[in-house]
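Report on the structure
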Amino acid sequence: MSVRRMGFVPRTVSVIAAMLMVTLVVGPFLAVRRPADIHGGTVIPYSAPEIINPLRGQYQDIGVDLYPTADAGRPPWPGTYDAGDRFLWSDLQPTSGEEFDFSVIDKAIESAHREDERFHFRVMALCSEGCERGKLRSAVPDWLRSREGATSEFVKGDETYVVPNWNSDAYLAAAEKLIAALGARYNKDERVEWYEFSGYGDWSENHVGFVAKELGAPTPWADESVAQLGYYDEYHDQAITKSSIRRLVDATLSAFPDTRIVVAAGNPEITRQFLAASPTLPVGIRGDCLGVIPPAQYWVTDPQSWYVHNDKELVSKVLSRWKSAPVVTEWCNSQPDGMTQYFTTAVKDVVNYHVSLVASNVLAPQPGVYDMWQRANKYAGFRYAVTSAVLPEHTAVGADVPITLRWTNFGTAPSYDDWEIWYQVLDHEGTTVVEVKSGLLLRTLAAEQDYSDASRDPAAATSDDAFVLPTSGLPAGDYTVTAKVVWSEHKPDGTNVVDYPTMELAQSGRDSRGGYQVARFQLN
């Protein structure tokens, strides 16, 4: 513990091992263990308006406004600290392989920053929809399209699709150069929350199912995949080799040493290589098609999957990645089994896969399932509160006060940013007389989940923070203890420095300094 007090030298005092206490727990209220004069706020239930903190809950995705908007007939969503988008490679290098125009990304970052949002992005080298130029569908620049060996073209109906030759040096060298330039510009920028691995697959989602099944592009079948790709592909939707993946992964890790990387889990080998890496910030996972496909993707979750039977180590790493890095999702753009099943699946998957962020791109829920949609967003990420306190009611002047505060995370995932807990002792005038930094790391506090009943709330996790408050030099009187959680997620030598308010806890009583009253004691 760190202690700050003017002119005070802290003493080391052991926490009292045993205290005669009676525990009182009343509904959603802060649990109080007597004897003590302890006052804390009530725990805020999920039925209350959303609690907004960085890297949790609903985020603004691909330019879609947060749902519900003001004109949706419901109270608008109170906000977010997170936003992201995807960009066409052709917009970033329109003229040549030596020049870059990142103005479209710059403008998006600046726009997000004006709304107090950190930004994340990916770059697309292929898109089966959304990049039409007349009859041409191409996400790569024309100069790359004309470079020998870099791309191939496939015709369907009267439309021409430009598909990168993922394993050609002509393509990979250009992609590596682009990634390096992106890192040089954005790695140190604190407004950039993460960079999503880019350079392969439809929409850079790390699969080429449309190319293989609709355009007839050559991709190996399962029994040929190891020989041709260097890894097993059971769904016939991969075309990039293990060695080509290594080039793009290495380029990404090199370009963004100070910025978190997130990878779409569509390709097992790409996922494997990122999970095996040791960057400063562990690589997070994005899952497409929330409500239909599990965030970890079928190759990790399907009991019949080849990887479930033959690569349990990789499957286990994917399923436990939430313990160190965020799981991010986008809603599916179809509801094959109907709206009720769609949102029921989404709620369960948010909880069981420990999702931190849910995209704004939802198909608007009807009244009967609106509550499930809302809970999917509210369950996502962390939701901390101080739920009990143990300390003596009276302490002699000059003696240390032993305190145990119980922290509870009601959410499905921990915080991944650097948050610091500070306890402050206030005198009867509200002046801070002692300040103590906690050693408890909130990013370690989250419950395992086995969630099958979508009508109940997720399991919560608790951790006790035991410490002593030094009182030497303080006069007799009544004192209040407050807790505040300070955001401190900064990049080394970061540019465009970002700061956020103290964490919004899931309890009432937030004061003007961002703290929450958790206990009182008396010196006499």
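Residues numbered from 1 in each chain as written. Predicted model: local features only at pLDDT ≥ 70, side-chain atom pairs only at ≥ 80, totals over all residues. Heavy atoms only, no water.

1. Considering the state of the cysteines
Two cysteines joined by a covalent bond between their sulfur atoms form a disulfide. Inspection of every chain in the model, using the stated rule, returns 2 disulfides. Note on cysteine connectivity: cysteine 127 is disulfide-linked to cysteine 131, with sulfurs 2.0 Å apart. Like cysteine 131, cysteine 127 is buried. The partner cysteine of cysteine 289 in its disulfide is cysteine 332, sulfur to sulfur 1.6 Å. (Disulfide = S-S within 2.5 Å. Buried < 20%, exposed > 50% of the residue type's maximum accessible area, 1.4 Å probe, protein only.)

2. Quick word on the packing of aromatic side chains
The description of two aromatic rings rests on the distance between their centres and on the angle between their planes. Summed over the entire model, instances satisfying the criterion amount to 30 aromatic pairs. With centroids separated by 4.8 Å and ring planes inclined at 80°, the aromatic side chains of tryptophan 306 and tyrosine 307 adopt a geometry described as edge-to-face. You can call tyrosine 307 buried: its relative accessible area is 1%. Positioned above the aromatic ring of tyrosine 370, the side-chain terminus of arginine 74 is 3.9 Å from the ring centre. Here the basic side chain of arginine 383 rests over the ring of tyrosine 46, its NZ or CZ set 4.3 Å away from the ring centre. (Phe/Tyr/Trp six-rings, centres within 6.5 Å; stacked < 30°, edge-to-face > 60°. Lys NZ or Arg CZ within 6 Å of the ring centre and 35° of its normal.)

3. Side note on the sheet that holds strand E7 (residues 132–133)
An order of E7-E8-E10-E9 is seen for the 4 strands of this open sheet, with the pairing classed as mixed. Strands at the two margins of the open sheet, each flanked by one partner only, are E7 and strand E9 (151–156). Here strand E8 (residues 136–137) runs beside strand E10 (residues 159–164); their pairing, made up of 2 bridges, is parallel. Residue arginine 137 lies in a different strand from E10, and its bridge partner there is tyrosine 161. (Pairing = 2+ DSSP bridges. Helix = DSSP H or I, 4+ residues; strand = E, 2+ residues; numbered from the N terminus.)

4. A word on the sheet that holds strand E15 (residues 357–359)
Around the barrel, which closes on itself, the 8 strands sit in the order E4-E5-E6-E11-E12-E13-E14-E15 with parallel pairing between neighbours. The sheet shows a mean angle of 30° between the axes of neighbouring strands, taken without regard to direction. As paired elements, strand E11 (residues 192–196) and strand E12 (residues 260–264) share 3 bridges and run parallel to each other. In the sheet register, glutamate 196 faces E12, and the bridge partner there is valine 262. (Axes fitted to C-alpha atoms, helices over the stretch in contact; angles between N-to-C directions.)

5. Quick look at the packing of helix H7 (residues 242–255) against helix H8 (residues 268–276)
Closest axis-to-axis distance for the H7/H8 pair is 10 Å, and the angle between their directions is 40°. Taken together, the axis directions place H7 and H8 in an arrangement best described as oblique. As H7 packs across H8, the resulting crossing turns out to be right-handed. In this structure, H7 contributes Lys242, Ile245, Arg246, Val249, Thr252 and Leu253 to the contact, and H8 contributes Glu269, Ile270, Gln273 and Phe274. When grouped by side-chain class, the residues that make up the contact of H7 with H8 number 5 nonpolar, 2 polar and 3 charged. (Parallel < 35°, antiparallel > 145°, perpendicular 65-115°, else oblique. Left-handed = near helix turned anticlockwise from the far one by under 90°. Contact = heavy atoms within 4.5 Å. Nonpolar A, V, L, I, M, F, W, Y, C, P; charged D, E, K, R; others polar.)

6. Some thoughts on the packing of H8 against helix H11 (residues 312–320)
Orientation of H8 relative to H11, taken along the N-to-C sense of each, is 70°, at an axis distance of 11 Å. It follows from the interaxial angle that H8 and H11 lie roughly perpendicular. In the crossing of H8 with H11, the sense of the turn from one axis to the other is left-handed. Counted together, Pro268, Thr271, Arg272 and Leu275 of H8 and Leu314, Lys317 and Val318 of H11 form the full contact between these two elements.

7. As for unusual backbone geometry
Most peptide bonds take the trans configuration, and most residues that are not glycine carry a negative phi. Between tyrosine 67 and proline 68 the backbone carries a cis peptide bond, its omega angle lying at -10°. Among the secondary structure elements, proline 68 is positioned in the loop between strand E4 (57–61) and strand E5 (82–88). Positive phi, close to 55°, is recorded for histidine 236, a residue that is not glycine. One non-glycine residue, histidine 354, lies in the positive phi region at around 55°. By the secondary structure assignment, histidine 354 is in the loop between helix H12 (339–352) and E15.

8. Points about the pattern of salt bridges
Any two side chains of opposite charge can pair, given that their charged atoms come close. Counted according to the given criterion, the structure contains 32 salt bridges. Of the charged contacts, one joins glutamate 98 and lysine 177 as a salt bridge, the two residues approaching to 2.6 Å between their closest N and O atoms. Of the two residues, glutamate 98 is situated in the loop between helix H1 (89–92) and helix H2 (103–114) and lysine 177 in helix H4 (residues 169–186); the sequence distance between them amounts to 79 residues. The class for lysine 177 is partly exposed, based on a relative accessible area of 36%. Of the charged contacts, one joins arginine 133 and aspartate 142 as a salt bridge, the two residues approaching to 3.3 Å between their closest N and O atoms. Note on aspartate 142: relative accessible area 42%, which makes it partly exposed. Where salt bridges share partners, they join Arg122, Glu196, Glu205, Arg286, Asp288 and Glu330 into one cluster. (Salt bridge = Lys/Arg side-chain N within 4 Å of Asp/Glu carboxyl O.)

Shape is all these values report; function is a separate question.
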